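# Examining the three-dimensional arrangement
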Amino acid sequence: MINGAAHEIADGTTVAQAVRTLTTATTGVAVAVNDEVVTRSAWETTALRDSDRMEVLTAVQGG
């Protein structure tokens, strides 16, 4: 599950790879897996599993 929707991803897909499929933003992005924040430095080494729930938040400017 990514942002509440089912997604098909290959076994071993990292958080960084999954984020790149959702947004081209390189800044202002935060990720939580199973309600735990994943630091950006851990994105490349954090692999997702079948039962994981991932939330991707992107900062948006406006007023």
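Residues numbered from 1 in each chain as written. Predicted model: local features only at pLDDT ≥ 70, side-chain atom pairs only at ≥ 80, totals over all residues. Heavy atoms only, no water.

### Considerations on the nonpolar core
Grouped burial of nonpolar side chains is what soluble globular proteins tend to show. Among the nonpolar cores identified, the biggest contains 13 residues, and Val-15, Val-19, Val-31, Val-33, Trp-43, Met-54 and Val-56 are the most heavily contacted of them. Those elements that provide at least two residues to this core are helix H1 (15–22), strand E1 (29–33) and strand E3 (54–58). Counting residues per element, this core draws most heavily on H1, which supplies four residues. Leaving out residues up to four positions away in the same chain, Val-56 has contacts with Ile-2, Asn-3, Val-19, Leu-22, Val-29, Ala-30 and Val-31. (Core = buried A, V, L, I, M, F, W, Y, C linked by side-chain atoms within 4.5 Å. Buried < 20%, exposed > 50% of the residue type's maximum accessible area, 1.4 Å probe, protein only. Helix = DSSP H or I, 4+ residues; strand = E, 2+ residues; numbered from the N terminus. Contact = heavy atoms within 4.5 Å.)

### Here's the deal with the pattern of salt bridges
Overall, the coordinates contain three salt bridges when judged by the stated rule. Measuring nitrogen to oxygen at the nearest pair gives 3.4 Å for the salt bridge that ties Arg-49 to Asp-52. Given a relative accessible area of 7%, Asp-52 falls into the buried group. (Salt bridge = Lys/Arg side-chain N within 4 Å of Asp/Glu carboxyl O.)

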